[in-house]
Amino acid sequence: MVYLAAEGRYGSMQYQRCGRSGVLLPKVSLGLWHNFGDTHPIETQRDVLRRAFDLGVTHIDLANNYGPPPGSAESNFGTVFAQDFRPYRDELFIASKAGYLMWPGPYGEFGSRKYLLASLDQSLTRMGLDYVDVFYSHRFDPDTPLEETMGALDTAVRQGKALYAGLSNYPPEAIERAAAILKELRTPYLINQHPYSILQRGVEGGVLEASEQAGVGVIAFSPLAQGQLTDRYLKGVPADSRMALGHFLKRDVLTEQRISLLHVLNKLAEGRGQTLAQMALAWVLRDPRVVSVLIGASSVAQLEQNVAVLDSPAFTDAELAEIDQLSAENGVEIP
């Protein structure tokens, strides 16, 4: 059946300006890190992508190594894009990244010009796109001159293969240096991507400030701490959970102290009329420097529940103070 996007797709989504750019991003964006590789049915992926766009989720976030196996998320997205979304390309804001290991040998990871530009070409081929809207350096490379890495992002833009440059997982001092280089090159630097959640607050140690100073937005990945900030782990580790697989999320993080914190946070969320996940997403979005949260969805129902964060009540000062106190008392490092 031919896909026709919902006519009212922009009626309920909320959009925020990304830094000092002209780009508006949805407050909730769809990340294809975990649930769009070859281990998940393409039919489910297609359903989630369709429903996301119908809800006004215009921003789709990928990377060269997303899967598993690496590359499969981009390939699967390319299949669905060709079937459903090509007529809507100008309504979509699509990102990809390069930085982590993608192929063997000395040119398959980190921040060299050789790797970044070759990887972008491969990503465009897998997705069937002429360009991405933003291309990220996925991680800071201390062994490659920052001028070379930023120069590669500049080349990608000048070649018309990316509209904007972005950085992911960069420390504050590297963001400041990179911003200066990109400004000198006159490269449109749009956004920084970092992990940020109630359980992982490292960006408060300088990343948010450096991003604001550079005039770029921040988009948060893992705002639910890879599922910890949902109801999945309140009673232990489900057999079909990400933690049970143990690839990125290890069992040893779910200590008795962590479970206790999750239960208290869940009770606080219930008092706000929300699920724990909805409260956790709303908490990340409380900071205006965070332009969007990236959610991963394994089903349409999960997607819809998370997008409902847009209806969240504002946090009171007392609620924010309580979350800070509970977090600090239960081992969360707050810069």
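Our structure's up above, just so we're on the same page.
Quick look at the structure, then. (Residues numbered from 1 in each chain as written. Predicted model: local features only at pLDDT ≥ 70, side-chain atom pairs only at ≥ 80, totals over all residues. Heavy atoms only, no water.)

1. Focus on the overall build of the chain
Phase 1: For the chain, the count of helices and strands is eleven helices and ten strands.
Phase 2: Relative to its length of 335 residues, the chain is compact, with a C-alpha radius of gyration of 19 Å against a globular reference of 20 Å.
Phase 3: In terms of its C-alpha atoms, the chain occupies a principal-axis envelope of roughly 50 × 50 × 40 Å.
Phase 4: Contacts in the chain between residues at least 24 apart in sequence constitute 75% of all its contacts with a sequence separation of at least 6.
Phase 5: Element-wise, carbon and sulfur atoms account for 51% of the exposed surface of the chain, whose accessible area totals about 14,600 Å².
Phase 6: Mean positive and mean negative side-chain charge positions of the chain (30 and 39 charges, respectively) differ by 3 Å. (Helix = DSSP H or I, 4+ residues; strand = E, 2+ residues; numbered from the N terminus. Rg over C-alpha atoms; globule rule 2.2 N^0.38 Å. Contact = heavy atoms within 4.5 Å. Areas by Shrake-Rupley, 256 points an atom, 1.4 Å probe, with all protein chains shown as cover. Lys, Arg positive; Asp, Glu negative; His and termini not counted. Charge placed at Lys NZ, Arg CZ, Asp CG, Glu CD.)

2. What about the packing of aromatic side chains?
Phase 1: Under the defined criterion, the tally for this structure stands at twelve aromatic pairs.
Phase 2: Geometrically, the ring pair formed by Phe140 and Tyr170 is edge-to-face, given 5.5 Å between the ring centres and 65 degrees between the ring planes. Separated by 30 residues along the polypeptide, Phe140 in the loop between β6 (132-137) and α4 (146-158) and Tyr170 in the loop between β7 (162-168) and α5 (172-185) bring together distant segments of the chain.
Phase 3: Accessibility expressed as a relative area gives 2% for Tyr170, which makes it buried.
Phase 4: Among the aromatic residues, those joined into a cluster by ring pairs are Tyr3, Phe53, Phe85 and Tyr88.
Phase 5: Directly above the aromatic system of Tyr131 lies the positively charged group of Arg89, at a separation of 4.1 Å from the ring centroid.
Phase 6: The lysine or arginine in question, Arg139, covers the ring of Phe110, its NZ or CZ lying 3.8 Å from the ring centre. (Phe/Tyr/Trp six-rings, centres within 6.5 Å; stacked < 30°, edge-to-face > 60°. Buried < 20%, exposed > 50% of the residue type's maximum accessible area, 1.4 Å probe, protein only. Lys NZ or Arg CZ within 6 Å of the ring centre and 35° of its normal.)

3. A look at the environment of Phe315
Phase 1: Positionally, Phe315 belongs in the loop between α10 (300-307) and α11 (317-329).
Phase 2: The sequence separation of Phe315 and Met279 amounts to 36 residues, and the corresponding C-alpha distance is 9.4 Å.
Phase 3: If we skip the residues at most four places from it in the chain, Phe315 touches Arg272, Met279, Ala282, Trp283, Arg286, Leu320 and Ile323.

4. Focus: α4
Phase 1: The first and last C-alpha atoms of α4 sit 18 Å apart over 13 residues, in line with the 18 Å expected at 1.5 Å per residue.
Phase 2: Every buried residue of α4 is accounted for by Leu146, Thr149, Met150, Gly151, Ala152, Leu153, Asp154, Thr155, Ala156 and Val157.
Phase 3: Each element contacted by the buried residues of α4 is listed here: α3 (113-127), β6, β7 and α5.
Phase 4: Downstream of α4 by one or two residues, Gly160 has phi in the positive range, about 80 degrees. (Expected span 1.5 Å × (residues − 1).)

5. Observations regarding α11
Phase 1: With 13 residues, α11 should cover 18 Å at 1.5 Å per step; its first-to-last C-alpha distance of 18 Å lies within 8% of that length.
Phase 2: Looking only at α11, the buried set comprises Glu319, Ile323, Leu326 and Ser327. One side of α11 holds all its buried residues, which, seen down the axis, span an arc of 100 degrees. In α11, the exposed residues that point more than 90 degrees away from the buried face are Asp317, Ala318 and Glu329.
Phase 3: Here the buried face of α11 lies against α8 (256-271) and α9 (276-285).
Phase 4: Looking one or two residues beyond α11, the residue adopting positive phi is Gly331, at roughly 85 degrees. (Arc of directions from axis to C-beta.)

6. Remarks on the packing of α4 against α5
Phase 1: Orientation of α4 relative to α5, taken along the N-to-C sense of each, is 45 degrees, at an axis distance of 10 Å. Looking at the two axes, α4 sits oblique to α5. Where α4 crosses over α5, the two elements pack in a sense that is right-handed. Contact residues: Leu146, Glu147, Met150, Gly151, Asp154 and Arg158 in α4; Ala174, Arg177, Ala178, Ile181, Leu182 and Leu185 in α5.
Phase 2: Per-class residue counts for the contact of α4 with α5 are seven nonpolar, one polar and four charged. (Axes fitted to C-alpha atoms, helices over the stretch in contact; angles between N-to-C directions. Parallel < 35°, antiparallel > 145°, perpendicular 65-115°, else oblique. Left-handed = near helix turned anticlockwise from the far one by under 90°. Nonpolar A, V, L, I, M, F, W, Y, C, P; charged D, E, K, R; others polar.)

7. Considerations on the sheet that holds strand β10 (residues 290-295)
Phase 1: Within the closed barrel, the eight strands sit side by side as β3-β4-β5-β6-β7-β8-β9-β10. Their pairing is parallel. Adjacent strand axes in the sheet meet at a mean angle of 30 degrees, parallel and antiparallel pairs treated alike.
Phase 2: As judged from the three bridges shared by strand β4 (residues 59-61) and strand β5 (residues 93-98), these two strands associate in the parallel manner. Paired with His59 across the strands is Phe93, a residue of β5.
Phase 3: Along the sheet face, α3 touches β5 and β6 and points at about 135 degrees away from the line of β5. (Pairing = 2+ DSSP bridges.)

8. Considerations on the nonpolar core
Phase 1: Counting residues in hydrophobic clusters, the biggest one holds 97 residues, and the most contacted among them are Leu30 and Leu229.
Phase 2: Broken down by element, the residue count for this core peaks at nine residues, all from α9.
Phase 3: Setting aside anything within four residues of it in sequence, one finds Leu229 in contact with Ser197, Ile198, Leu199, Pro223, Leu224, Leu262, Leu265, Leu276, Ala277 and Ala280.
Phase 4: Ranked by size, the runner-up nonpolar core spans 13 residues in total, among them Cys18, Leu25, Val134 and Ile219. (Core = buried A, V, L, I, M, F, W, Y, C linked by side-chain atoms within 4.5 Å.)

9. Quick look at the packing of helix α2 (residues 72-85) against α3
Phase 1: Where α2 contacts α3, the two axes come as close as 7 Å, and the packing angle between them is 40 degrees. Taken together, the axes of α2 and α3 lie oblique to each other. Contacts between α2 and α3 involve Glu74, Ser75, Phe77, Gly78 and Phe81 from the first element and Ser123, Arg126 and Met127 from the second.
Phase 2: Of the residues contributing to the contact of α2 with α3, the split by class is three nonpolar, three polar and two charged.

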